[in-house]
Structure formats: structure tokens, C-alpha cells
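An overview of the molecular structure
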Amino acid sequence: MISMEIRSSVAGEVSRMKKCIGKVPGLAVIMVGQRWDSQIYVRNKIKACHEVGIKSFVTDLPTDCTEAEVHNALLRFNKDPSIHGILVQLPLPQHLDEGKVLDVLCLEKDVDGFHPLNMGNLAIIGREPLFIPCTPKGCVELLIRSGVEIMGKKAVVIGRSNIVGLPTSLLLQRHHATVTVIHAFTENPEQITSEADIVVSAAGVPNMVRGNWIKPGAIVIDVGTSPVEDSSCEDGYRLIGDVCYEEAVNVASVITPVPGGVGPVTVAMLLSNTLDSAKRLLDFT
Ligand code: GUN
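Residues numbered from 1 in each chain as written. Predicted model: local features only at pLDDT ≥ 70, side-chain atom pairs only at ≥ 80, totals over all residues. Heavy atoms only, no water.

1. A short note on the environment of leucine 170
Structurally, leucine 170 is set in helix α7 (residues 165-174). The exposure class assigned to leucine 170 is buried, which follows from its relative accessible area of 15%. For leucine 170, the residues in contact, after removing those within four places along its chain, are Met119, Leu122 and Ala123. (Helix = DSSP H or I, 4+ residues; strand = E, 2+ residues; numbered from the N terminus. Buried < 20%, exposed > 50% of the residue type's maximum accessible area, 1.4 Å probe, protein only. Contact = heavy atoms within 4.5 Å.)

Structure below.
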């Protein structure tokens, strides 16, 4: 399993760091409110940190907290030398300005790669971002490790969010794919996807991508995670993807399931970005 390979290599490096300089990477997570899905994501991230030897710290703020409270939590972690990565779990409650919050985040600790300077450096040819956002990096890692050639291929990204769609389209271009972005106002999306060699779907619309949207033999990466009520599940919900799996599995050559496809690789990328950040800040090679 690809996420396990990445995790075990991070664990090896964390233990080498501890042996050589007596320090381990530290990740801080700021969580505002109690969204059901965010709580699961944060829980998974913290558990994964623990399993590879990365120290983690969570600041839980109430849904109605002020922007100043979020800023103060961030400033504290920005200054703390035992913290090498900081992430603010998104989305934030509506009354908080996401842009203003991300502006405060120390660029060198922005392991999600959401700071505008990181995103700008990802977009500009000839510049290198300090961090590549975890989900896009995970999608490309899945393609590369599965032996899929990206260069010259037609790739379609469904969705243009700051977290997934936008950075995924930029990253696929860096890997020399010909990229088309589909969004809510796109006409005939199924015609565009049916010509693509690689489809990455991050729309958040359950079962939107049907079997006839896919070119036979295409690679399909489903990043969608929409909650649907299911009383038989522990949390009362389960997550379903953007792609109608039962149909697409008969057409695509490779397809990632939800849950269990991209999610674990996203978490592995967060661990890897946190390790890289600690190495850079501690000057450890
Ligand atoms: N919300 C959904 N995905 C992510 C992610 O990768 N990072 C953060 N911070 N929030 C998210």
C-alpha cells in the first residue's frame, strides 16, 4: 500500500533524526468548531503523527471564537521552535476570514501549502514552493508510484477549490500534463472528461461522475468526500465519493475508492511535509 510505504520511510527518517540530533518533528493543528468531518480528519492526522514519531499539538477553539483568538494561537506556534509544521483545519466557520488567517501563518511552517506565497510559487514557472498541498501531492504520488506517465497526457480536474482543484491543476501542469479544469459553470462536462487520460474529481457532488463520463482505460482519482447519513456507522455518517464507483470501475483502468483511496495518501503527505520542514528548520540532512 502506497501510503504505508511513505509512512514507513517517514518513520525511519524521524528515528534517524532523533538519534542524530535528539529532536523530532512537531506538528500543530488548529481546529475551530466541531464539524463532524473535520474532527475525523484531524483525528486521523494526529494518530498518524503518533505512529511515525512526530509530536503533535492540537488547539481546539470554539465555533464562535474571534479572529484574534485564531491569530494568537497561530502566532504562538509560529514562534515555538519545537513546532515545524502548522495547519489550520479548513473550512473555518463563516464569520472568520480564511485569507486573513492564512496570511498570519509562518511561510516556513505552512505544511499544507495554503499560504498565498506558497500557492503563488507553485503557480509560477521557475519558482519552487516550500510545500506542495497534501492532497494534490498525494494524487500525483499515486500516479507516479503506480507507473502512470503524466507528461503529455490529457488530464481533467473537476473542481477549482483552493484546497484541491486549483493546486492539483497547477501541479499536473508542472508534471507536463495538458490540464482542463471543470467547474459548476462548465458546459458538457461529460464530453470533456470522456476525452481525458487522467481524471481527478474534487467536486464534492456524490456520484456525479458516471461510467459514460470516462474514457475506456482512463485513470480516475476520486477526491470527493461527501457525508451521507448512515446509522450503521460509528459516527452516524459515511463518506461517499464524486465518482459512481460501480459504473466507473468497469470502464477505467485504475480507480481509487472512497474511503481508503486518496485520504490515507493525503495524511502520508502531511507527515512527509512536516518531516521536510523539520529537516529544513533544524538544518538536518
Ligand atoms: N480540509 C479538507 N482538506 C484539508 C486539508 O488537506 N488541510 C486542511 N487544513 N484542511 C482541510
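Resuming the write-up.
2. Section: the site of the ligand
In the vicinity of the ligand, the residues found are Lys45, Leu87, Val88, Gln89, Leu90, Asp112, Phe114 and Ile163. A distance of 2.8 Å is found between a nitrogen atom of the ligand and a backbone nitrogen or oxygen belonging to leucine 90. Here aspartate 112 contributes a side-chain N or O atom positioned 2.6 Å from a nitrogen atom of the ligand. When the ligand is considered free in solution it has 280 Å² of accessible area, and contact with the protein chains removes 86% of it. Residue composition of the shell around the ligand, grouped by class: five nonpolar, one polar and two charged. (Near = heavy atom within 4 Å. Polar contact = N/O pair within 3.5 Å; in protein donor to acceptor, adjacent residues only side chain to side chain. Areas by Shrake-Rupley, 256 points an atom, 1.4 Å probe, with all protein chains shown as cover. Nonpolar A, V, L, I, M, F, W, Y, C, P; charged D, E, K, R; others polar.)

3. Here's the deal with the pattern of salt bridges
Counted by the stated rule, this structure contains 12 salt bridges. In this structure, the salt-bridge partner of glutamate 13 is arginine 16, at a minimum N-O distance of 2.9 Å. One end of the pair, glutamate 13, and the other, arginine 16, are both in helix α1 (residues 2-21), three residues apart, so they sit about a helical turn from each other. Take arginine 16: its relative accessible area is 30%, and that puts it in the partly exposed class. In this structure, aspartate 37 engages arginine 35 in a salt bridge whose closest nitrogen and oxygen atoms are separated by 2.8 Å. Residue classification places aspartate 37 among the buried residues on the basis of a relative accessible area of 13%. Linked by salt bridges that have partners in common, Glu5, Glu141 and Arg145 make up one network. (Salt bridge = Lys/Arg side-chain N within 4 Å of Asp/Glu carboxyl O.)

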